[in-house]
Amino acid sequence: MSERECGHGCDHGGNHGGNHGCQCEGHTSCVSLVPIFNHLEDEQMAEITEAVHSASYKKGEIVYRAGDQSDSLYIVRTGRIRIYRLSESGKEQLVRFLGPGDFTGELALFSESIHESYAEAVENTEVCLITRTNLQQFLMNYPSISLKMLAEFSSRLEKSEKQTTRVSTEKVETRLALFLAECIHKEDSSMEFVLPMSKRDLASFLGTTPETISRKLTEFEDAGYIRQKPHRKIEVLDLDKLLLV
């Protein structure tokens, strides 16, 4: 697709790193993935699509760093991004993973600020970006977007508080068991899933070490609660007993 075919809505500039391209069809699918936008009418969706520009990142590439200017909303179209923070001692703390339809950088919507976390592509990833100025205008034009964003913020806060409580009050095996239980897809009957992150990232997320994660998974398997399979696949054999550990 040529630049002329894409029209004026594609932005080839910007200072967000990654490789920028003109992919209007991609922009449409990107915007339609996001719960804060996918309820809008086609005309409203088209208006937002025109304001989007895109960037692609290779596995391991940094999307943004702590201290970088935060001025855009990043929407994952394809791939995955890990959000993490570094302590003063350099210890990494995983905050969350983003998949298709998820977004980050929302604090830029309210004021000029800098990123406090790092965002890294964990596989080849394409993102769509909307600047603060454009998104603030959309929020004023379409209040329903604001309500959707508040709902998302509320959900994130609840998850963050739950995770903080678990790390400070639950033993490691309980934290791990609850995490595995939450990985089971409720919409189907399968008790098998792929761990959404490496053991190193899972250890960071649960506040322990990769060695402890490996040991506890082996203990769960020996007890008959789970079965570990190749390519990070886990099959839960006895959910009830797993949740009692």
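Looking up the chain in an unreviewed UniProt entry gives the name cAMP-binding protein, with the organism given as Desulfitobacterium dichloroeliminans.

Draft legend 1. Expanded view of the packing of aromatic side chains. Under the criterion given, the structure shown has 4 aromatic pairs. Ring centres of F220 and Y225 lie 6.3 Å apart, and the angle between their planes is 50 degrees; on these two criteria the pair is classed as tilted. Y225 matches F220 in its accessibility class, with the two residues each being buried.

Draft legend 2. Region of the structure containing the side chain of T174. Relative to the elements of secondary structure, T174 occurs in helix 6 (residues 172-183). At 3.2 Å, the side chain of T174 forms a polar contact with the backbone oxygen of V245.

Draft legend 3. Highlighting a negative patch on the surface. On the surface, E41, D42, E43, E47 and E50 cluster together to form a negatively charged patch. Tracing the chain through its elements places E41 in the loop between helix 2 (24-33) and helix 3 (42-50). Residue class for E41 comes out exposed when judged on its relative accessible area of 56%.

Draft legend 4. Representation of the packing of helix 6 against helix 7 (residues 199-206) in the model. Running from amino to carboxyl end, helix 6 crosses helix 7 at an angle of 115 degrees, the nearest separation of the two axes being 11 Å. Every pair of crossing elements has a handedness; the one defined by helix 6 and helix 7 is right-handed. Facing R175, L176 and F179 of helix 6, the residues of helix 7 in contact are L202, F205 and L206. A class-by-class count of the residues in the contact of helix 6 with helix 7 yields 5 nonpolar, no polar and 1 charged.

Draft legend 5. Looking closely at the environment of E50. Following the sequence through the fold, E50 ends up in helix 3. Look at E50 and you get partly exposed, because its relative accessible area is 43%. For the pair E50 and T28, spaced 22 residues apart in sequence, the C-alpha to C-alpha distance is 8.8 Å.

Draft legend 6. Inspection of the sheet that holds strand 5 (residues 81-86) at higher detail. Pairing is antiparallel across the open sheet formed by 4 strands, whose spatial order is 2-9-5-6. The open sheet is flanked by strand 2 (62-64) and strand 6 (92-98), the only strands paired with a single partner. For this sheet, the mean angle separating the axes of adjacent strands, direction not counted, is 30 degrees. Summarising the sheet, strand 2 and strand 9 (residues 118-121) pair through 2 bridges and their orientation is antiparallel. For I62, the partnering residue across the bridge sits in strand 9 and is E120. Each of strand 5 and strand 6 touches helix 7; the most contacted strand, strand 6, lies at about 105 degrees to it.

Draft legend 7. Representation of the pattern of salt bridges. Using the criterion set out here, one finds 12 salt bridges in the structure. With a shortest N-O distance of 3.7 Å, E92 and R200 are connected by a salt bridge. Placement of the pair is E92 in strand 6 and R200 in helix 7, with a sequence separation of 108 residues. Owing to a relative accessible area of 21%, E92 belongs among the partly exposed residues under this scheme.

Draft legend 8. Main features of the pairing of strand 12 (residues 226-229). Two strands pair when backbone bridges link them, and strand 12 and strand 13 (residues 233-236) are joined in this way by 4 bridges, in the antiparallel orientation. In the strand pairing of strand 13, Q228 is matched with I234. Where strand 12 folds back on strand 13, the antiparallel hairpin that results is connected by 3 residues, among which H231 adopts a positive phi of roughly 60 degrees.

Rules and cut-offs
Residues numbered from 1 in each chain as written. Predicted model: local features only at pLDDT ≥ 70, side-chain atom pairs only at ≥ 80, totals over all residues. Heavy atoms only, no water. Phe/Tyr/Trp six-rings, centres within 6.5 Å; stacked < 30°, edge-to-face > 60°. Buried < 20%, exposed > 50% of the residue type's maximum accessible area, 1.4 Å probe, protein only. Helix = DSSP H or I, 4+ residues; strand = E, 2+ residues; numbered from the N terminus. Polar contact = N/O pair within 3.5 Å; in protein donor to acceptor, adjacent residues only side chain to side chain. Patch = residues over 30% accessible without salt bridge, like charges linked within 9 Å, V, L, I, M, F, W, Y side chains within 5 Å. Areas by Shrake-Rupley, 256 points an atom, 1.4 Å probe, with all protein chains shown as cover. Salt bridge = Lys/Arg side-chain N within 4 Å of Asp/Glu carboxyl O. Lys, Arg positive; Asp, Glu negative; His and termini not counted. Charge placed at Lys NZ, Arg CZ, Asp CG, Glu CD. Axes fitted to C-alpha atoms, helices over the stretch in contact; angles between N-to-C directions. Left-handed = near helix turned anticlockwise from the far one by under 90°. Contact = heavy atoms within 4.5 Å. Nonpolar A, V, L, I, M, F, W, Y, C, P; charged D, E, K, R; others polar. Pairing = 2+ DSSP bridges.

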